[in-house]
Amino acid sequence: MDGVDRIERTDGVDNRIGNGIGNGIENSGGIDDRIDGVGGTRRALGGFLRARRGRVAPEHVGLAGGRRRRVRGLRREELAQLAGISVDYYVRLEQGRATQPSPEVLDALAGALGLDTAERRHLATLAGARRDPAPTARVSPLLQRVLDAMALPRALDSARTGETPMPAFATNHRLDVVAWNSLGAELLGGLADPARRDRNNARYLFLDPASQVVHPEWEDRASEAVGQLRVASGRYPDDAELAALITELSSHSTEFRRIWATGEVVMCAAGRKRLRHPVAGLLTLDFETLHVPAAPGETGLVVHVFSAEEGSQEAVALARLATAPPTAEPGHNRAQLG
């Protein structure tokens, strides 16, 4: 029986190349060999395609749906037909037996799956033969100086002068928080004190219940984190530390497993986020992401900067936080969510 005729599971996951998330099985390289999207671009490509076709409703692309379908989303043969490629070739792509598909094939698959720009870039990364080493970006004294300057204490009426301090922190591709200013540390749950919160943002979100208090839009923040880790795993499939982090989160959080299985892909962007502080209360802040290259042509650190509109209540709250001593909170025990 070939890959077309055999029955697909209703969750859209290939039942011969299981995702195995949370089984703790690792190969000699320390990478979980059965987590889709980790440790190998061929398997990652297949896992991404399976996840994305599982999210496409047949009726949205002119196909008949109905309750009797045994697979969620599109069948392999349906996606192949929509993309204008042979079923056999598509099956080989999903199973990791076809390598380096042409740009035309990738464009056709991306169009059939309705991928956005970030997802298209991720698909192209997974389909390419290049395997970049993980960057080893370091925090320079200049970067730390810039972060500190953003949070310099201002007068309490600074919101009226346009000099509202800005919380900021920097992360690497594994979402480790590697630098911050005092206001960013205070606003993001106590980054300066490792006893208060984990300095890996993904581990903090999925393994520390306190993150759901700090982030009232927790589901959005969690999806962003998973999407960013998936992008990083596609770029750096040989990064054992990244693979170990994904394996740890997969083993301990059902929420992480659920989001990872969707094939979520997220690139850093800009917009608005809500944060809750024990003193300042609920704040709606603008945010921007700035990229600091590790070396010319290399991905390095991402600086996340929050700001408030001049004259707003949030601007006044940030100004007060910048001049106040750090919030003292009782210690809490990390616990598994989900």
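See above for the structure.
> So what about the overall build of the protein? Which residues, and what values?
If you tally the helices and strands in the protein, you get 13 helices and five strands. Out of the 338 residues in the protein, the part that is buried amounts to 49%. Pairs at least 24 residues apart make up 60% of the contacts formed inside the protein by residues separated by at least 6 positions. Carbon and sulfur atoms provide 50% of the accessible area of the protein, an area that totals close to 16000 Å².

> Describe the side chain of Thr171, and please don't skip the residues or the numbers.
With respect to the helices and strands, the residue Thr171 is situated in strand S1 (residues 168-171). Within the structure, the side chain of Thr171 is placed 2.9 Å from the side chain of His304, a separation counted as a polar contact.

> Explain the pairing of strand S3 (residues 271-277) to me, and be specific about the residues and the numbers.
Relative to strand S4 (residues 281-292), S3 runs antiparallel, the two sharing seven bridges. Within S4, the position partnered with Gly271 by the bridge is Phe287. Between S3 and S4, which follow one another and run antiparallel, lie three residues.

> Please provide a residue-by-residue account of the environment of Thr284, values included.
As for its position among the elements, Thr284 is in strand S4. Along the primary structure Thr284 and Arg272 are separated by 12 residues, whereas in three dimensions their C-alpha atoms are 6.8 Å apart. With near-sequence residues (within four places) excluded, Thr284 lies in contact with Arg272, Lys273, Arg274 and Glu314.

> Requested: an account of the sheet that holds S3, with residues and values cited.
Pairing is antiparallel in the open sheet, where five strands are placed in the order S2-S1-S5-S4-S3. Looking at the sheet topology across the chains shown, the edges are occupied by strand S2 (177-180) and S3. Taking each pair of neighbouring strands and ignoring which way they run, the sheet shows an average axis angle of 35°. Where helix H6 (residues 141-150) meets the sheet, its contacts fall on S1, S2, S4 and strand S5 (301-307), and the angle it forms with S2 comes to roughly 55°.

Cut-offs and rules
Residues numbered from 1 in each chain as written. Predicted model: local features only at pLDDT ≥ 70, side-chain atom pairs only at ≥ 80, totals over all residues. Heavy atoms only, no water. Helix = DSSP H or I, 4+ residues; strand = E, 2+ residues; numbered from the N terminus. Buried < 20%, exposed > 50% of the residue type's maximum accessible area, 1.4 Å probe, protein only. Contact = heavy atoms within 4.5 Å. Areas by Shrake-Rupley, 256 points an atom, 1.4 Å probe, with all protein chains shown as cover. Polar contact = N/O pair within 3.5 Å; in protein donor to acceptor, adjacent residues only side chain to side chain. Pairing = 2+ DSSP bridges. Axes fitted to C-alpha atoms, helices over the stretch in contact; angles between N-to-C directions.

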